[in-house]
Amino acid sequence: MNQMTETLSALPLIGMIRDGGWTMWLIAALSVLTLTVVLWKLWSLWRLGVWGGRHSRRAIQLWSEGRWREAMAEVRGRPSARARVVQAAIGTTLDPAFDEKAAREETARVARQALYRSREGLRALELIATIAPLLGLLGTVLGMIAAFQVLQSSGNQADPSDLAGGIWVALLTTAAGMAVAIPAGVALSWFESISDRLQADLEDLATRVFVAAPRALSRPEPQADEDWQRQAAE
C-alpha cells in the first residue's frame, strides 16, 4: 500500500495537483465530474435515439399514404424520442376521445418530456465551465499572495528563484482551470446543438402528422388504436 502511494505521488500529474493546493484538488474533482457527465450524457442521448429517426420517417410516409395501422406498427414500442412523439400524434388523431386541440396538446406534452430528458445534465456542464476558471484564478491569487509574503519576510536576502517558483505554482491553477473549462464548454455547446436539432425534428414530425391527417383519415374510418387507448388511460 505504501509503495503504491509513493508511486502515485511520483507521477507528474499528482505532483502538480499536490503543489497547487486545495484549489487544484477541487479542479481535479471537477475534471472527473466533467468526464462522468459527458459519458453519461452520451449514453442517455443514445437511449433517446437522437441519432436515429428512420422508423419515424417511415411512419410519416405510411401515415401520409393512409396506411395508419402500418404507421403505428412502425413506431409502437420504440423508446426513441421521435418514435414516441410520432406515436402520440398518430394515436391521439385516431382516438375519437381526442379532438384536434387535445391531440396537439398531448403530443406537445410527450415532446416536452423527451426534450427535458435530452437536456438533463447540461446545467452541470455549464456550471463547471463557469466555476473551473474562477477556481483557477482564485488559486493563482492565493499563490501570488503567499509568494509575495515570503518575499517580504525574506527582506534583502530574498532569492528571486523562490519568488519565481511560487509564481509558477500559482499560475498552474489558472492553467488547470482553463483545461477543465474548455472541454466542458465544448461538450455543452455540442449537446445543446443536438437538443436543438431534436426539438426541430420533433416539431417537424408532429406538424407533418397533423397536416396529413385529413388525407390519412379520408380512407375507411379507422378505429382508435387499442394500444394507444390503453396508454392514454394509464
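Right above here is the structure, for reference.
This is a predicted model, so every value here is computed, not measured. (Residues numbered from 1 in each chain as written. Predicted model: local features only at pLDDT ≥ 70, side-chain atom pairs only at ≥ 80, totals over all residues. Heavy atoms only, no water.)

The secondary structure content of the protein amounts to ten helices and zero strands. Going from N to C terminus, the protein has its helices and strands arranged as α-α-α-α-α-α-α-α-α-α. Taking all 234 residues of the protein together, 38% fall into the buried category. Sequence-distant contacts in the protein: of pairs separated by 6 or more residues, those separated by 24 or more amount to 78%. Approximately 13800 Å² of the protein is accessible, and the part contributed by carbon and sulfur atoms is 60%. (Helix = DSSP H or I, 4+ residues; strand = E, 2+ residues; numbered from the N terminus. Buried < 20%, exposed > 50% of the residue type's maximum accessible area, 1.4 Å probe, protein only. Contact = heavy atoms within 4.5 Å. Areas by Shrake-Rupley, 256 points an atom, 1.4 Å probe, with all protein chains shown as cover.)

Working note: α-helix, 3.6 residues per turn, so residues spaced by three or four point in the same direction. A rise of 1.5 Å per residue sets the reference length of helix α6 (residues 81–94), with its 14 residues, at 20 Å; its end C-alpha atoms lie 20 Å apart and thus fit the reference within 8%. Here α6 lies mainly inside the structure; 13 of its 14 residues are buried. (Expected span 1.5 Å × (residues − 1).)

Let's shift gears to the side chain of E106. In this fold, E106 is placed in helix α7 (residues 100–118). Take E106: its relative accessible area is 18%, and that puts it in the buried class. Among the polar contacts listed, one links the side chain of E106 to the side chain of R109, at a separation of 2.6 Å. (Polar contact = N/O pair within 3.5 Å; in protein donor to acceptor, adjacent residues only side chain to side chain.)

Now for the packing of helix α4 (residues 54–64) against α6. Where α4 contacts α6, the axes come no closer than 9 Å and their chain directions differ by 25°. The angle between the axes of α4 and α6 places the two elements in the roughly parallel class. For α4 against α6, the interelement crossing comes out left-handed. Taking contact as the criterion, the partners of S56, A59, I60 and W63 in α4 are, on α6, R82, A83, V86, I90, T93 and L94. Its residues assigned to classes, the contact of α4 with α6 shows seven nonpolar, two polar and one charged. (Axes fitted to C-alpha atoms, helices over the stretch in contact; angles between N-to-C directions. Parallel < 35°, antiparallel > 145°, perpendicular 65-115°, else oblique. Left-handed = near helix turned anticlockwise from the far one by under 90°. Nonpolar A, V, L, I, M, F, W, Y, C, P; charged D, E, K, R; others polar.)

A few words now on the environment of V86. When you line up the elements, V86 lands in helix α6. By relative accessible area, which is 1% here, V86 ends up buried. Along the chain, V86 and R208 lie 122 residues apart, while their C-alpha atoms are 9.4 Å from each other. Leaving out residues up to four positions away in the same chain, V86 has contacts with S56, A59, I60, V75 and L205.

Before going further, it helps to spend a moment on the packing of helix α5 (residues 68–75) against α6. The N-to-C vectors of α5 and α6 enclose an angle of 145°; their axes lie 9 Å apart at closest approach. Seen along the crossing, α5 lies across α6 with a hand that is left-handed. Mapping the contact onto sequence places W68, A71, M72 and V75 in α5 and A83, V86, Q87, I90, G91 and L94 in α6.

This paragraph deals with a nonpolar patch on the surface. Side chains of W22, L26, L137, L138, V141, L142 and I145 sit close together on the surface and give an oily, nonpolar patch of about 630 Å² of accessible area. Sort the elements by how many residues they give to the nonpolar patch and helix α8 (residues 122–154) lands first, with five residues. Its location among the elements puts L137 in helix α8. Overall, L137 belongs to the partly exposed group, its relative accessible area being 47%. (Patch = residues over 30% accessible without salt bridge, like charges linked within 9 Å, V, L, I, M, F, W, Y side chains within 5 Å. Salt bridge = Lys/Arg side-chain N within 4 Å of Asp/Glu carboxyl O.)

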